[in-house]
Amino acid sequence: MKGPTVGLVAILLMGLVFFFAMSFFDEGIDVADTQIKTPTFAETMLTPPDSTTQTPAQQPALATQPTTQTQDSTQAQPNTPAATVQTAVGEAALPDYSNVTPQPMDTTSKTILFIGDSMLEGLGPRLAAYAKANGHTLINVIWYSSTSEIWGRTTRLQERINEFHPDYIFVCLGSNELFVRDIKRNRQKYVNNILAQIGNIPYVWIGPPNWKPDTGINDMLQASCAPGSFYLSNGEHFDRAKDGAHPTRASAALWCDRVCKWVMTSSRNPIMLNKPTEAKARCKTIVYQPDV
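On a predicted model such as this, the values are computed, not experimentally measured, just so you know.

Trainee: Talk me through the packing of helix H5 (residues 120–133) against helix H10 (residues 249–265); I want residue IDs and the actual numbers.
Mentor: Relative orientation of the contacting elements H5 and H10 amounts to 50°, with a least axis distance of 8 Å. Judged on the interaxial angle alone, H10 and H5 are oblique. The two elements H5 and H10 meet at a crossing, and its hand is right-handed. Between H5, through Glu121, Gly122, Leu123, Arg126, Leu127 and Tyr130, and H10, the contact on the second element is made entirely by Arg249, Ala252, Ala253, Trp255, Cys256, Asp257 and Cys260. A per-class count over the contact of H5 with H10 returns 8 nonpolar, 1 polar and 4 charged.

Trainee: Got a sec to walk through the sheet that holds strand E6 (residues 203–206)? Specific residues and values, please.
Mentor: Spatially, 6 strands are ordered E7-E6-E5-E3-E4-E8 in an open sheet, and the strand pairing comes out parallel. Either end of the sheet is taken by a strand with one partner, and the two such strands are strand E7 (230–231) and strand E8 (284–288). Here E6 pairs with E7 via 2 bridges, running parallel. For Trp205, the partnering residue across the bridge sits in E7 and is Phe230.

Trainee: Before we move on, could you go through the nonpolar core and cite the residues and values that matter?
Mentor: Residues Leu113, Val141, Trp151, Leu157, Ile169, Ile198 and Trp205 are the most contacted members of the largest nonpolar core, which totals 31 residues. The element that contributes the greatest number of residues to this core is helix H8 (residues 183–198), accounting for 5 residues. Apart from the residues lying within four places of it in its own chain, the contact partners of Trp205 are Val171, Leu173, Val191, Ile194, Leu195, Leu221, Cys225, Ser229, Phe230 and Tyr231. With 29 residues, the next largest nonpolar core counts Phe114, Val204, Cys260 and Ile271 among its residues.

Trainee: Quick rundown of the packing of aromatic side chains? Include the residues and the values.
Mentor: Per the counting criterion, the structure on display carries 7 aromatic pairs. Judged by centre distance (5.5 Å) and plane angle (70°), the rings of Tyr231 and Trp262 are edge-to-face. Taken together, the residues span a long stretch of sequence, with Tyr231 in strand E7 and Trp262 in helix H10 at a distance of 31 residues. Residue Tyr231 shares its accessibility class with Trp262, and that shared class is buried. Cluster of aromatic residues (ring-pair linked, three or more members): Phe114, Tyr168 and Phe170. Here the guanidinium or amino end of Arg156 rests over the ring plane of Tyr288, the centre of that ring lying 3.8 Å away. The cationic tip of Arg258 hangs over the ring face of Phe238; the distance from NZ or CZ to the ring centre is 5.5 Å.

Trainee: Break down the environment of Ala129 for me, with residues and values.
Mentor: Among the secondary structure elements, Ala129 is positioned in helix H5. The buried category is assigned to Ala129, whose relative accessible area is 3%. What Ala129 contacts, discounting residues up to four positions off in sequence, is Pro276, Glu278, Ala279, Lys280 and Ala281.

Trainee: Tell me about the side chain of Asn140, and please be specific about residues and values.
Mentor: By secondary structure assignment, the location of Asn140 is in strand E4 (residues 137–143). Beyond its immediate stretch of four places on either side in the chain, Asn140 contacts Phe114, Leu120, Gly124, Cys283, Lys284, Thr285 and Ile286.

Trainee: Before we move on, could you go through the state of the cysteines and cite the residues and values that matter?
Mentor: Within this structure, the stated rule accounts for 0 disulfides. Left without a disulfide partner, Cys172 is nearest to the cysteine sulfur of Cys256, which lies 10.0 Å away.

Trainee: Quick rundown of H10? Include the residues and the values.
Mentor: In this model, H10 (17 residues) spans 24 Å end to end at C-alpha, consistent with the 24 Å of a helix rising 1.5 Å per residue. By the burial criterion, the buried members of H10 are Ser251, Ala252, Ala253, Trp255, Cys256, Asp257, Val259, Cys260, Trp262, Val263 and Met264. Among the structural elements, H5, strand E5 (168–172), E6 and E7 are those in contact with the buried residues of H10.

Trainee: So, the side chain of Ser146: which residues are in play, and what are the values?
Mentor: Following the sequence through the fold, Ser146 ends up in the loop between E4 and helix H6 (148–152). Residue classification places Ser146 among the buried residues on the basis of a relative accessible area of 0%. Among the polar contacts made by the side chain of Ser146, one reaches the side chain of Trp151 at a distance of 3.1 Å.

Trainee: Describe the pattern of salt bridges, with residues and values.
Mentor: All chains considered together, the criterion is met by 10 salt bridges. One salt bridge in this structure joins Arg187 and Glu177, with 2.5 Å as the shortest N-O distance. Taken together, the residues span a long stretch of sequence, with Arg187 in helix H8 and Glu177 in the loop between E5 and H8 at a distance of 10 residues. Across the pair, exposure class does not vary: Arg187 and Glu177 are buried alike. In this structure, the salt-bridge partner of Arg185 is Asp182, at a minimum N-O distance of 2.6 Å. Judged by relative accessible area, which is 59%, Arg185 ranks as exposed. Judged by its relative accessible area of 43%, Asp182 is partly exposed. One network of salt bridges, with partners in common, ties together Glu149, Glu177 and Arg187.

Conventions adopted
Residues numbered from 1 in each chain as written. Predicted model: local features only at pLDDT ≥ 70, side-chain atom pairs only at ≥ 80, totals over all residues. Heavy atoms only, no water. Axes fitted to C-alpha atoms, helices over the stretch in contact; angles between N-to-C directions. Helix = DSSP H or I, 4+ residues; strand = E, 2+ residues; numbered from the N terminus. Parallel < 35°, antiparallel > 145°, perpendicular 65-115°, else oblique. Left-handed = near helix turned anticlockwise from the far one by under 90°. Contact = heavy atoms within 4.5 Å. Nonpolar A, V, L, I, M, F, W, Y, C, P; charged D, E, K, R; others polar. Pairing = 2+ DSSP bridges. Core = buried A, V, L, I, M, F, W, Y, C linked by side-chain atoms within 4.5 Å. Buried < 20%, exposed > 50% of the residue type's maximum accessible area, 1.4 Å probe, protein only. Phe/Tyr/Trp six-rings, centres within 6.5 Å; stacked < 30°, edge-to-face > 60°. Lys NZ or Arg CZ within 6 Å of the ring centre and 35° of its normal. Disulfide = S-S within 2.5 Å. Expected span 1.5 Å × (residues − 1). Polar contact = N/O pair within 3.5 Å; in protein donor to acceptor, adjacent residues only side chain to side chain. Salt bridge = Lys/Arg side-chain N within 4 Å of Asp/Glu carboxyl O.

Quick look at the structure:
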């Protein structure tokens with residue numbers, strides 16, 4: 001049995017070798033008038049697989065996967081402060097003041113929104129007296145320990161604008177940023193965002209009442225605000241409270257007097273702010289604590 005078995009195996013091997021050899025002839029072999037088609041498994045076996053080959057169904061999926069992930073990530077947290085703030089801050093740009101011209105005195109009654117830091121404790125009651133005496137409505141929004149960064153990385157100003165629809169805005173920010181290093185790099189985008197939220201509403205930005213030289217906050221604010229919209233407080237005399245920074249209530253009232261006189265006589269958008277007979281008045285006040 002061994003002899004016939006070996007012979008059979010030899011015949012099968014010879015056939016396999018012949019079949020394999022024929023597969024190298026791409027166009028087949030002509031025998032008489034008949035063409036014998038050759039198999040292609042030799043090409044398949046000897047050709048290395050192409051790792052980049054993809055099916056048509058796979059290619060679109062791979063192409064759209066990163067975009068889909070980004071959209072899913074954005075949609076998952078549409079109202080998160082970080083996403084909203086980053087978009088607002090990233091897109092905010094300094095308004096174009098190339099065609100800014102002073103306006104004539106506006107004698108109509110205004111809704112005035114006053115936002116800022118704790119300096120509003122002294123300025124607010126006095127400005128409320130001005131508002132009452134001149135037919136205006138004042139809303140004070142005090143955010144304790146706030147800065148241009150804190151206001152500028154939120155949409156809180158825009159929310160108050162949407163709520164009260166002010167005709168005029170006062171801003172008092174910068175006292176907590178007198179000593180910030182590299183001020184333009186660290187604060188400019190937030191100042192821009194605040195101004196972008198203000199938009200076309202007439203405004204005055206009251207600069208901080210310096211008690212020591214600053215690292216550039218006043219220069220940056222003056223360069224950022226529209227001409228005639230920044231009031232430079234630095235250099236004026238202030239009687240200070242016990243903390244050595246805040247003006248006393250009496251000194252803050254005199255500060256407000258100077259600001260209001262400047263608004264009427266020298267600002268880009270003058271409104272009626274005649275000096276009141278009352279020392280102070282009440283108005284609607286919204287307070288945000290530092291941890292809010």
